[in-house]
Amino acid sequence: MTTLTFPLSRIEGHARVEIEVQNGKVISTRFKATEMRGFEIFVQGIPAEQMPVIVPRICGVCSTAHHVVAVKTLEDAYGVTPPPLASRIRSLLLLGQLLQNQATSLFIFTMPDRVGADSLFEMDDVDVIKKKHFEMAQRALKIRELGTDLITLAGGQFIHPVRAVVGGVNAGIPAERAELMLNRLQQALPMACELFDAYWELTIRMKDRIGSWGDDQPAYYITSTGKVRPDFNSHEIRVMNPEGECCEIFSPRSFREVLEFKESEYSYAGKTSYKGGVIRANSLARANLTAHMGTKVANGYLHRLRIEFGIPAHPIMLFELGRGIELVYAIERAAQMLEQPLDGEDTDVPYTPRDGEGYGLVEAPRGPLIHHYVIEKGKIARAEFIIPTVHNMGSIERALKVAAERYITGDTVNMELEKAVGRVVRAFDPCIACATH
Amino acid sequence: MAEEKINTHEQNTVPRFAVLQLSGCAGCEVSLLNAHEWTEKFQLTYMPLVSSAYDVPEVDILLISGGVRTDEDAHHLKNAVKNAKRVVAVGTCAISGGVANLGNRDEVRQLFLKRQDRLDVPRLLPRSRPVDDFVPIDLYLPGCPPTPELFMAALTDPAGYQASLIVCQECGRKKLKDQKPEHLLGFQKGNVDPEICLINQGYACIGTSTRGGCRAPCTRAGHPCVGCRGPSNVLIEKDSQAWLESIQKVFHAMTNIPDDELKEALLSPQLALFLFQFSDYAGGDRPPRPKEKVL
């Protein structure tokens, strides 16, 4: 038996892919997360009220989702409901993260695959193609910076936000600052659309060239965004079966009864499944489970996706087009929210900390994120972080198997396999820092 | 630390830099991407987050983020510095081990090491460790994460960069003589007065002795400073006790908060994470980092 090992790049965190082959047959495809810091263990014994500032450090890319969900988990434990203004500001915070993340995944992680480059950051004044890539990278950086600036506006600090507090938020957003951001978002929308149009076209061209990314088969889909339109500051999780019907709705409190979780023998990240079946979370799950984007331009793109690929749609390259739709949505929706006043007095409600158990939920860019804390004497006695990338582990490995079987025949390995492995993994945009935490 | 400025014109070549990410959260990398002026001035040759390159080539500057948590981290680190003219430790994790250091506490360490019973994954080291336990460092860039402005200063002209002495100088909140809180408010509460010093409002803010340069985004947003930039130059070469006492002195002067209440807050994990990154929190008896090497 031979094991082929593929290092991974242009993803968040440390991981590699291992493919075991015997007599030309693919025995297994393993996604191996190779880092762990141990958050579930080391938060034991720390004061519960510090969680919203400590858990964003699980991941600097997904920090906002961890910040907001930690606050919601404590609110659940303390029996507190934040006022509407606070919920709106938290939603805005999550949109900043969506914008930042989708821009990074689209233009920095996966665009190089479409243009046959290792990176878009190769500065070269002579080579016309490299120069074009470089200019694209610079525009992409401006779009994603807008996302972090939105996080700063709504969350205080730009990577590890601080403004969501138990009971609400610690301040509103002054009108003049909201207006400045609104103008920037409105100006950025055409540039984001232009970048996404180019991305869409290059994606279709790549599809025509290579066929499938690796796995076009049905799966279960899971998301917590709204049924009618997206809402990332979410409250319940929905599952769609491979036939395209919503087959389960559950609260974060009952996740253990619905999802099966297994630790992995060969990776620091575990794996979840639904009724023994492979689950997909992230943008394609949302595209399949949302009726409407709720904003004009993004909904136009969603409509186009449905005309071209149907609903539910299954090819994994559509995760990437889905991310582009959400990039546009995040800009439009954030602008809509900033048009309404966000500087009211009613930012938070008083609360009294108490011992007990809490569950929290948000839709992170990679899917539903659940935190669960048990609090004793004001300190964390037990914590669980149910990470969206972990839901996708089974579907990543299934897609890797399809790709491996395509490029390994008899005793030859087509060198295209290396690129295929990268394409498959990046389509799911896994976050290893979160998955292993 | 190399004293000379990296001059892009004289050498007629663009300086090259690489980013090695060890066990961390990638927040430092996200901040670096925000500092996009570097794209015009430097050639990025290795940064797995944004480019497919699998070995660190020869570079003028190597930025290291994340702490050393696994044997693989240690291996990558030792190999990478061989090819670098100047090595910069970036962020709390590289400088102290960071948030992962909470796993070094005796009460959780054993639980922790049990979790690594898996096939062919990098082994966890007995403790999370800072990068300068393994390789010499030319420059320390503290912050969780350092801001884009600080990244640009570290890349272009660290010797010429002058940060404010403490966070208070960048915060702009008013300190009041006659508003002395009796007790701490806790770490996060709503209804923060936008103008008044957070200590006057009863928050355990340690911006009074934390080095400046971050432009005080947290305190200006109403959240007490947790000290992620480390101690000011006055305190940086002293042990953690000196820093602790300096903070206590400030609270004695500005509040009526009882000593034990304050001490409990200052030693709690959220603050301890950052508070002692330059001295003894990460364990061992390593000497303090000289202030000339800290941006």
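A quick note: this is a predicted structure, and the numbers were derived from the prediction, not measured.

Residue and element names in this part refer to chain B. Taken as a whole, chain B is organised into domain 1 (16–161) and domain 2 (168–275). Tallying the contact residues gives eight residues for domain 1 and nine residues for domain 2. Of the residues in the side of domain 1 that touches domain 2, the class split is five nonpolar, three polar and no charged.

All names here are of chain A. One open sheet holds the three strands; their spatial order is β1-β2-β3, and the pairing between them is antiparallel. One side of each edge strand has no neighbouring strand; the edge strands of this open sheet are β1 (2–7) and β3 (25–33). Each strand axis lies, on average, 20° off the axis of its neighbour in the sheet, ignoring direction. Alignment of strand β2 (residues 15–22) against β3, held across eight bridges, turns out to be antiparallel. Bridged to Ala15 within β3 is Ala33. Helix α11 (residues 388–407) rests against β2 and β3 of the sheet, and its axis sits at about 140° to β3.

Looking now at the nonpolar core. Formed by 227 residues in total, the largest nonpolar core has its most connected members in Leu150, Ile325 and Val424 of chain A together with Leu62, Ile64, Val88 and Ala89 of chain B. With 15 residues, helix α4 (residues 84–115) of chain A is the single largest residue contributor to this core. Looking at which domains feed residues into this core, each of domain 1 (16–161) and domain 2 (168–275) of chain B gives three or more. Not counting chain neighbours up to four residues away, the residues in contact with Val424 of chain A comprise Trp213, Gly214, Ile316, Ile396, Ala399, Leu400 and Ala403 of chain A.

Turning next to the sheet that holds strand β13 (residues 367–376) of chain A. Residue and element names in this part refer to chain A. Ordered by their spatial adjacency, three strands build an open sheet running β12-β13-β14, and the pairing between neighbours is antiparallel. Each edge of the sheet is formed by a strand with only one pairing partner; in this case those strands are β12 (356–364) and β14 (379–386). Strand-to-strand, the axes of this sheet are offset by a mean angle of 15°, without reference to chain direction. Alignment of β13 against β14, held across seven bridges, turns out to be antiparallel. Looking across to β14, one finds that Ile375 is bridged to Ile380. Sheet contacts for helix α3 (residues 63–78): β12 and β13; angle to β12, the most-contacted strand, approximately 145°.

Taken together, the 62 residues of chain A in the interface contact 58 residues of chain B. When residues of the side of chain A that touches chain B are traced back to their parent elements, those giving at least two are α1 (39–42), α2 (51–54), α5 (128–155) and β5 (168–169) of chain A. The element that contributes the greatest number of residues to the side of chain A that touches chain B is α5 of chain A, accounting for seven residues. Here the side of chain A that touches chain B is built from residues that sort into 27 nonpolar, 22 polar and 13 charged.

Residues and elements named next belong to chain A. Along its 13 residues, helix α12 (residues 416–428) runs 19 Å from first to last C-alpha, staying within 8% of the 18 Å computed at 1.5 Å per residue. Buried-residue contacts for α12 involve β1, β2, α4, α10 (317–339) and α11. Of the residues flanking the end of α12, it is Asp429, one or two places downstream, whose phi is positive at about 45°.

Calculation rules
Residues numbered from 1 in each chain as written. Chains lettered and ligands numbered in written order. Predicted model: local features only at pLDDT ≥ 70, side-chain atom pairs only at ≥ 80, totals over all residues. Domains from an automatic or database assignment. Contact = placed C-beta atoms within 7 Å. Nonpolar A, V, L, I, M, F, W, Y, C, P; charged D, E, K, R; others polar. Pairing = 2+ DSSP bridges. Helix = DSSP H or I, 4+ residues; strand = E, 2+ residues; numbered from the N terminus. Axes fitted to C-alpha atoms, helices over the stretch in contact; angles between N-to-C directions. Core = buried A, V, L, I, M, F, W, Y, C linked by C-beta atoms within 7 Å. Buried ≥ 20, exposed ≤ 12 C-beta atoms within 10 Å, placed from the backbone. Expected span 1.5 Å × (residues − 1).

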